[in-house]
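Chain and residue survey
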Amino acid sequence: GGDVVGTGRPAGVSPEVPVSVPNVSSKPESVESEIKDIEDEVVIPYPLEMYFSSGAGAWFTKLVINADGSFTGEYTDGEVDNAPEYPNGTTYISKFSGQFSEVRQVNDYTFALTLETLEVEGEVGESYIEDGIRYIVSNPNGLMNSDDSDYAKDYLLYTPTAPTAELNEDFLSWWPYRVEETTPETLMLYGFCNTQTNTGFFTTPADE
């Protein structure tokens, strides 16, 4: 019988093992639950369709971002510049697609994305005539760096709850609600900021 008691006593030491095991296993669980909490707080309604535009004039860039970070888009800018070969004028155009890195949450209303790849259909600068319009292949307006030498790499995605007082003024100059008599306290729309140029893409207001 003594043997049983003897083996039982080392088991008395064993509480240290169970204590340490939950500590180890609870860390991944707590990290997982934190990630889940973030996902629960902010569910982005992909695909996000956003526009960079002055709100007037013929030019705009459309950008559609998918849940996996892939994106497509089109920039177009029509001009009256015409000739007998292209009586319907000239249009600068850029059809493009690419991939952003995994979205990283920065705070309650901001996510960071990094551009991984971007491809434009055709050769930038080449032109072709179709339906009486001269098309000139261009870079994607709004996704370039400050001197237009390359694509900008770093972007921020803002949710509609983003407080406008915290955001860059140049970015907000592209915001559809900038013309309101009283500036809304929050962005009201999803916004996408090229951090090198503070260019702003926005989802379309519901009343449009």
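Now for a look at the structure at hand. Just so it is clear, the model here is predicted, and its values are computed rather than measured.

The rules behind each value
- Residues numbered from 1 in each chain as written.
- Predicted model: local features only at pLDDT ≥ 70, side-chain atom pairs only at ≥ 80, totals over all residues.
- Heavy atoms only, no water.
- Buried < 20%, exposed > 50% of the residue type's maximum accessible area, 1.4 Å probe, protein only.
- Helix = DSSP H or I, 4+ residues; strand = E, 2+ residues; numbered from the N terminus.
- Pairing = 2+ DSSP bridges.
- Phe/Tyr/Trp six-rings, centres within 6.5 Å; stacked < 30°, edge-to-face > 60°.

Burial analysis of strand 8 (residues 133–137) places 5 of its 5 residues in the buried class, the great majority of the element. Neither face of strand 8 is left uncovered, since the one carrying Ile133, Tyr135 and Val137 and the one carrying Arg134 and Ile136 both have all their residues buried. Both strand 4 (residues 90–100) and strand 8 contribute to a ladder of 4 bridges, which runs parallel. From the neighbouring strand, Thr90 faces strand 8, where its bridge partner is Arg134. In this structure, strand 7 (residues 127–130) lies alongside strand 8, joined through 4 bridges in antiparallel fashion. Along strand 8, the bridge assignment pairs Ile129 with Arg134. Between strand 7 and strand 8, which follow one another and run antiparallel, lie 2 residues, and Asp131 among them has a positive phi close to 55°.

What follows covers the packing of aromatic side chains. As enumerated under the stated definition, the model contains 15 aromatic pairs in all. Judged by centre distance (5.3 Å) and plane angle (20°), the ring pair of Tyr128 and Tyr135 falls under stacked. In this structure an aromatic cluster arises from ring pairing among Phe52, Trp59, Phe71, Phe96, Phe100, Tyr155, Trp174, Phe192 and Phe201.

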